[in-house]
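Read off the chains here:
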Amino acid sequence: MASASTAPPSPGNLKRIVAASLIGTTIEWYDFFLYGSAAALVFNTLFFPDSDPLVGTLLSFLTYAVGFAARPLGALVFGHYGDRLGRKKLLVLSLLLMGGATFAIGLLPTHATIGTAAPVLLTVLRLVQGFALGGEWGGAVLLVSEHGDARRRGFWASWPQTGAPAGQLLATGVLSLLTALLSDAAFGSWGWRIPFLLSGVLVIVGLWIRLSVDESPVFKQALAQAEARKADRSGDAEKLPLVAVLRHHWRDVLVAMGARMAENISYYVITAFILVYATTSAGVSKQVALNAVLIASAVHFAVIPAWGALSDRIGRRPVYLLGAVGVGLWMFPFFSLIDTGGFGNLIIAVTVGLVLHGAMYAPQAAFFSEMFATRMRYSGASIGAQFASVAAGAPAPLIATALLSDYGSSTPIALYVVAASLLTVVAVAAAKETRHRDLSDVTSAAAPDRATAPAADARTP
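Residues numbered from 1 in each chain as written. Predicted model: local features only at pLDDT ≥ 70, side-chain atom pairs only at ≥ 80, totals over all residues. Heavy atoms only, no water.

K.L.:
Is there a simple way to explain the packing of helix α15 (residues 316–339) against helix α19 (residues 411–430) in this structure?
P.N.:
How two helices pack is summed up by the angle between their axes together with the distance between the axes. At a minimum axis distance of 9 Å, the contact between α15 and α19 shows a crossing angle of 170 degrees. The angle between the axes of α15 and α19 places the two elements in the roughly antiparallel class. Of α19, the residues touching α15 (which contributes Arg317, Tyr320, Leu321, Ala324, Val325, Val327, Gly328, Met331, Phe332 and Phe335) are Thr411, Ile413, Ala414, Leu415, Val417, Val418, Ser421, Thr424, Val425, Val428 and Ala429. Along the lines of polarity and charge, the residues of the contact of α15 with α19 split into 16 nonpolar, 4 polar and 1 charged. (Axes fitted to C-alpha atoms, helices over the stretch in contact; angles between N-to-C directions. Helix = DSSP H or I, 4+ residues; strand = E, 2+ residues; numbered from the N terminus. Parallel < 35°, antiparallel > 145°, perpendicular 65-115°, else oblique. Contact = heavy atoms within 4.5 Å. Nonpolar A, V, L, I, M, F, W, Y, C, P; charged D, E, K, R; others polar.)

Following this line, the structure appears as structure tokens:
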């Protein structure tokens, strides 16, 4: 029989939790993706004007990659305090940091005004964005996973994942609207600032919703158990979450890192690098490329919950493997369709790519949450996800742009994504299925398949 901590919550309460996680992650991803789109479209000339266009784009994407470098630090800090203090407090802090940094970018003077200080300040603000996002993802998906009905955890936990395409949709939509309404000169002069300044309004809305939700009941129970054990042992100190993760869950961390390679790399090639490739190699206008990503992101948003629900029926691993294999096979048709320069073909290329990406991204939240014990779950899920982003999503647009510059062909870029897909297939194939686990019963990676381990185990959450 399910424990009290895993009993299905009231529908109204669960929907409120899902809404808080979804809106918060949408805002954070809006901020993060907005930078990526701006890096591809205008930052190369605004902050790196002394470089030729392609080199300027490389430098712009380098500052984009810096944000990923800060994400592991965010995962460590937010994971530690999220496992000690709770999920809700840290989610509020991450939203404030991300929104503040994004708003500041909208006020930032360009190279023409303050010289080399401009790209330096841009890089610092990008680091703050990365630090905040490194702590956001783990807390958002855990808040839903630990509140939700265990039988439909894949479905409910996939909703925070829709924050990524929703943020992409919002960021790309605002940029697309501005590029349609403004001349290139006006957009490059002041129009690009508007989407960044809008972040201030979005953060206020997100904070109002996040402050209204309750802490995870699974975390509350685990915290109470930890305090009781501490009292029984006359003040014995509880191990730091990071130490506990590396001791009990290091295999799961490696699996999570490997699982993210194809998911992360393919996403940034499909949504960020395409703005470079389509405009420079296929002769497509910025407006057309943005519109294609906009349409595909809407489809991506719609299919993620469906993939999450499917993972509840057949398991996390089969759905994840389908996405990894599919996105690797799709890369060659993806670039061939873009090369035609047709808007319809561009939409097909990006949409199919994102649908296949969704098969990995949707079950990822539940899959990673189910790998780790409660008192180290925030740390474990965040570390596994964000450390991988340094090797995966961070350099993906940079590597793709460099390969295009060196070879003048999309073939090496497609092979790059195929290699990532193979790595993900190996990692997920080596993992155990997790969909039947009770989050309150998972104790350690030493016995990962013990979904029914007694709560009295010496290593309870």
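K.L.:
How should I be thinking about the nonpolar core in this particular structure?
P.N.:
When a protein is soluble and globular, its nonpolar side chains tend to lie buried together. Within the largest apolar cluster, 110 residues are counted, with the highest numbers of intra-cluster contacts made by Phe43, Phe334 and Phe368. The greatest single-element share of this core, amounting to 17 residues, is contributed by helix α13 (residues 250–280). Beyond its immediate sequence surroundings of up to four residues, Phe368 is in contact with Trp137, Ala256, Ala259, Arg260, Tyr320, Ala381 and Ala385. The next biggest cluster of nonpolar side chains, apart from the first, holds 16 residues, and it includes Val18, Ala20, Phe78 and Trp156. (Core = buried A, V, L, I, M, F, W, Y, C linked by side-chain atoms within 4.5 Å. Buried < 20%, exposed > 50% of the residue type's maximum accessible area, 1.4 Å probe, protein only.)

K.L.:
Explain the pattern of salt bridges to me, please; I cannot follow it from the model alone.
P.N.:
For side chains of opposite charge, pairing can occur when their charged atoms come near one another. The full count for this structure, using the stated rule, is 4 salt bridges. Residues Glu370 and Arg153 are paired through a salt bridge, measuring 3.0 Å at the closest nitrogen-oxygen approach. Residue Glu370 is located in the loop between α16 (343–369) and α17 (374–391), and its partner Arg153 is located in helix α7 (residues 153–161); the two are separated by 217 residues in the primary sequence. Across this residue pair, the class does not change: Glu370 and Arg153 are buried. Put simply, Arg316 and Glu370 hold a salt bridge, and the shortest N to O gap is 2.7 Å. Of the two residues, Arg316 sits in helix α15 while Glu370 sits in the loop between α16 and α17, which places them 54 residues apart along the sequence. For Glu370, a relative accessible area of 0% translates into the label buried. Taken together, the salt bridges that share partners define one network made up of Arg153, Asp312, Arg316 and Glu370. (Salt bridge = Lys/Arg side-chain N within 4 Å of Asp/Glu carboxyl O.)

K.L.:
Would you mind showing me how to read the environment of Ile295 here?
P.N.:
By the element assignment, Ile295 lies in helix α14 (residues 286–314). Distance in space between the C-alpha atoms of Ile295 and Val350 is 8.8 Å, their sequence separation being 55 residues.

K.L.:
Looking at this structure, I do not really get the environment of Trp208. What am I missing?
P.N.:
Its location among the elements puts Trp208 in helix α10 (residues 193–210). We classify Trp208 as exposed; its relative accessible area is 66%.

K.L.:
I'm lost on the confidence of the model for the protein chain in this one. Help?
P.N.:
Mean pLDDT over the protein chain: 82, with 86% of residues reaching 70 or higher. Here helix α11 (residues 217–232) stands out as the least confident element of the protein chain, with mean pLDDT 69; α15 is the most confident, with 97. Segment residues 1–6: pLDDT under 50, and 10 contacts once partners within four positions in sequence are set aside and those in other chains are kept. The model gives residues 444–461 a pLDDT under 50, and that stretch makes 37 contacts with residues more than four places away or in other chains. (pLDDT = per-residue confidence, 0-100.)

K.L.:
Can you walk me through the packing of α13 against α14 in this structure?
P.N.:
Viewed as axis vectors pointing N to C, α13 and α14 meet at an angle of 160 degrees, and their least axial separation amounts to 9 Å. Considering the angle they form, α13 stands roughly antiparallel to α14. Crossing handedness for the pair α13 and α14: right-handed. On α14, the residues that touch Tyr267, Thr271, Ile274, Leu275, Ala278 and Thr279 of α13 are Lys286, Ala289, Leu290, Val293 and His300. (Left-handed = near helix turned anticlockwise from the far one by under 90°.)

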